[in-house]
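# Overview (structure and organization)
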Amino acid sequence: MSVLYNHFQSQIKNELKKEASYISAGIEAEGESYISRITDEDTRITLITSGGEVIADTSVDAEKLENHLDREEVRQALETGSGFSIRYSDTLTKRVMYYAVKLSDGSILRVSATQYSAAAILISLAQPIALIIIVTLILSIILSGRIAKSIVKPINELDLDNPENNDTYDELAPLLRKISKQRKMINSQLREAKLQQEKFSLITENMTEGLLVTDKNMQLLTYNSAALRLLEIEKPLNGNVLVFNRSRVFRETVESALDGKRTQNEMSSGCRRYNLIANPVYEDKKVIGAVIVILDITENAKREQLRREFTSNVSHELKTPLTSISGFAEMMMNGETSPETTADFARSIYDEAQRLIALVLDILRISELDERDSGFVNEPVDLYGLSQEIARRIKPQADRKNVKINIIGNNIMIVGVKKILDEMIFNLCDNAVKYNKPDGTVDIVISRDENGTALTVRDTGIGIPKEHQSRIFERFYRVDKARSKAIGGTGLGLSIVKHGAICHNAEIKLESEENIGTTVSIIFPS
Ligand code: ADP
């Protein structure tokens, strides 16, 4: 528009010049009347005297027009022979161009024409311009669609697994090279991440402790299979961490860790007991999750319970003989006994003291066995030789009841702790004599087969009623308490045997029938 506007202006100016020269030639030839013959409405022609008075005008009545001497173009024409000026008319959309020439008689001929302003030109061109825009738009849509397709199609068909093997337009080559480079980088990062992941799962999967990691919204991020196993969950889970365990303790532990506090709690699930340790995970001083470790403390809790029971049983067992001793001693001290009964009391005190010693010795043995790491040394032990030695020690006691001890088998060696093996066999033989009938027998049989080496102690004693058989290996358990005490039992003998068997990975078998006899076998693995 700008280019055209300037072009039109110079063209109009040239035309005005030409028109002025033609008309001035006409006036020079024909005089003033020549103007009245011109009928063109677009061009206004004015004839002005050298004094500025309008003589004739093709558009306006000449008499009504004021003196034109002050008009720019008129002044220029009077001075230089020709003048040109542009003025805006009343309406802003139009501007009028004036060209004036001086005639030979000194009067001025002025020709003027209207030029439309840029806005007016624009308005008049609006229709064709709109048409051009619409056509251009349609063409652009069609063409850009086609071009886009021709660009995008090869891109969509790219084999991104092998970016550099693609045969496509050259402009894509830098992009493909970049993709190939990034692919290599991603692959190596993936390999690295996979390696890290494998390392992480190798560590966590080999943990016996359960491990759960959650984000700050309690959503599970990861867990190990020990966590599933410990909480007795069969299939893998995801989502909220509380699906692992809906107990209040579990929820409170996790919530407290997410509040930024390290928390430790005990919790029960089924018949098992767990220790929960939850630690908050921080990033930029903000808690972003929690790590929960689950420890199975069932065995520890059981052991603790047993220990408590044992302590209370021990106190009870010690209290009885001590009370008797104290009672007898008090009576003797107060002189309440005659010289004859004093001897009886002294014997009773001696017997109770002996029981106490036996009890304390057994308790010491049990405690020693409880401390798995008591410095026991494994060595080859001849079970036959050991049995002979024990039989010799027990013989006086057996003779008192006229019980015969037989050792059957031959020298068989096993690897074990001699001291413990001695106590085990001694306790079995001691029971076999203690709970035997007068004139009974005790057989110690040593044998070896594909299942291992067996040491069996068989007696012809009172036997153990069926209902007691499963409990006699418990600490302080006796079938007939009074009887056991009367014959010097502590209730710990078979517990020592059981512990000793555990130390040697051996198995215990018990067969017993009331009034017929009891057979206890210890089977050592071969
Ligand atoms: P105790 O010191 O009382 O003998 P043990 O632990 O050795 O304690 O044995 C536990 C109980 O088992 C005994 O009190 C007894 O009732 C029973 N018992 C053990 N061995 C025999 C056996 N050979 N014959 C019959 N009863 C037995």
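Above this text is the structure in question.
A brief structural summary.

Conventions we followed
Residues numbered from 1 in each chain as written. Predicted model: local features only at pLDDT ≥ 70, side-chain atom pairs only at ≥ 80, totals over all residues. Heavy atoms only, no water. Pairing = 2+ DSSP bridges. Helix = DSSP H or I, 4+ residues; strand = E, 2+ residues; numbered from the N terminus. Axes fitted to C-alpha atoms, helices over the stretch in contact; angles between N-to-C directions. Buried < 20%, exposed > 50% of the residue type's maximum accessible area, 1.4 Å probe, protein only. Contact = heavy atoms within 4.5 Å. Polar contact = N/O pair within 3.5 Å; in protein donor to acceptor, adjacent residues only side chain to side chain. Near = heavy atom within 4 Å. Areas by Shrake-Rupley, 256 points an atom, 1.4 Å probe, with all protein chains shown as cover. Parallel < 35°, antiparallel > 145°, perpendicular 65-115°, else oblique. Left-handed = near helix turned anticlockwise from the far one by under 90°. Nonpolar A, V, L, I, M, F, W, Y, C, P; charged D, E, K, R; others polar. Expected span 1.5 Å × (residues − 1). 1 Å grid on protein atoms, 1.4 Å probe; cavity = no way out; pocket = protein on both sides within 12 Å on 5 of 7 lines; lining within 4 Å. Points joined across faces, edges and corners; volume = space filled by probe spheres on them.

The sheet built from 5 strands is open, its strands ordered β7-β6-β10-β9-β8 with antiparallel pairing. On the outer flanks of this sheet lie β7 (220–223) and β8 (263–269), each paired with one strand and no other. Mean inter-strand twist for the sheet, computed between neighbouring axes without regard to direction, equals 25°. By the bridge criterion, 10 bridges tie strand β9 (residues 272–283) to strand β10 (residues 286–296) in an arrangement that is antiparallel. If you follow Tyr282 over to β10, its bridge partner there is Val287.

Here the focus is the environment of Thr518. Within the fold, Thr518 resides in strand β17 (residues 517–524). You can call Thr518 buried: its relative accessible area is 8%. A C-alpha to C-alpha distance of 50 Å links Thr518 and Arg246, two positions 272 residues apart in sequence. Excluding residues that lie within four positions of it along the chain, Thr518 makes contacts with Val457, Arg458, Asp459, Gly463, Ile464, Leu510, Glu511 and Ser512. Polar side-chain contacts of Thr518 include one of 2.9 Å to the side chain of Ser512.

What follows concerns the site of the ligand. Near the ligand you find 19 residues, and of these Asn431, Ser484, Thr490, Gly491 and Leu494 are the closest. Within the backbone of Gly493, one N or O atom sits 3.3 Å away from an oxygen atom of the ligand. Between Thr518 and the ligand, the recorded distance is 3.4 Å, taken from a side-chain N or O atom to a nitrogen atom. Burial of the ligand by the surrounding chains reaches 96%, relative to a free accessible area of 530 Å².

As a further point, take the packing of helix α9 (residues 339–370) against helix α14 (residues 493–503). Where α9 meets α14, the closest approach of the two axes is 10 Å, and the angle between their N-to-C directions is 20°. By the angle between their axes, α9 is roughly parallel relative to α14. Along this stretch, α9 crosses α14, giving a crossing that reads as left-handed. Across the interface between the two elements, Asp362, Arg365, Ile366, Leu369 and Asp370 from α9 touch Gly493, Ser495, Ile496, His499, Gly500 and Cys503 from α14.

Now for the packing of helix α10 (residues 383–401) against helix α11 (residues 418–434). Viewed as axis vectors pointing N to C, α10 and α11 meet at an angle of 30°, and their least axial separation amounts to 9 Å. Here α10 and α11 pass one another in a crossing that is right-handed. Where α10 approaches α11, its residues Leu383, Leu386, Ser387, Glu389, Ile390, Arg393, Ile394, Gln397, Ala398 and Lys401 are matched on the opposing element by Lys418, Leu421, Asp422, Ile425, Phe426, Cys429, Asp430, Val433 and Lys434. Grouping the amino acids of the contact of α10 with α11 by side-chain chemistry returns 10 nonpolar, 2 polar and 7 charged.

To continue, consider the sheet that holds strand β16 (residues 507–513). Taken in spatial order, the 5 strands of this open sheet run β12-β14-β15-β17-β16, and their pairing is mixed. Two strands lie at the open edges of the sheet, namely β12 (404–408) and β16, each paired on one side alone. For this sheet, the mean inter-axis angle between neighbouring strands, taken without regard to orientation, is 10°. Pairing analysis gives 7 bridges linking β16 to β17, with the strands arranged antiparallel. For Glu511, the partnering residue across the bridge sits in β17 and is Thr519.

What follows covers helix α8 (residues 298–333). Taking 1.5 Å per residue as the helical rise, α8 with its 36 residues ought to reach 52 Å, and the 51 Å between its terminal C-alpha atoms agrees with that figure. All of the buried residues in α8 are Thr298, Phe310, Val314, Glu317, Pro321, Ile325 and Phe328. Structurally, α8 contributes buried residues whose contacts are with β9, β10, α9 and α13 (481–486).

Topologically, Ser512 is positioned in strand β16. With near-sequence residues (within four places) excluded, Ser512 lies in contact with Gly463, Ile464, Lys466, Gln469, Gly517 and Thr518.

For α9, with 32 residues, the first-to-last C-alpha span of 46 Å sits near the 46 Å given by 1.5 Å per residue. Restricting attention to buried positions, one finds in α9 the residues Phe345, Glu352, Arg355, Leu356, Leu359, Asp362, Ile363, Ile366 and Leu369. Contacts made by the buried residues of α9 are with α8, α11, α13 and α14.

What follows deals with the layout of surface pockets. If you roll a probe as big as a water molecule over the atoms, it shows you where there is empty space left. Of the pockets and cavities examined, the second largest pocket occupies roughly 750 Å³. As for the second largest pocket, its lining consists of 23 residues, and the residues nearest its centre are Arg303, Leu306, Asp370, Arg475 and His499. Looking at the lining of the second largest pocket, the elements that each hand over two or more residues are α8, α9 and α14. Counting residues per element, the lining of the second largest pocket draws most heavily on α8, at 8 residues. The residue inventory of the lining of the second largest pocket, partitioned by class, reads 7 nonpolar, 4 polar and 12 charged.

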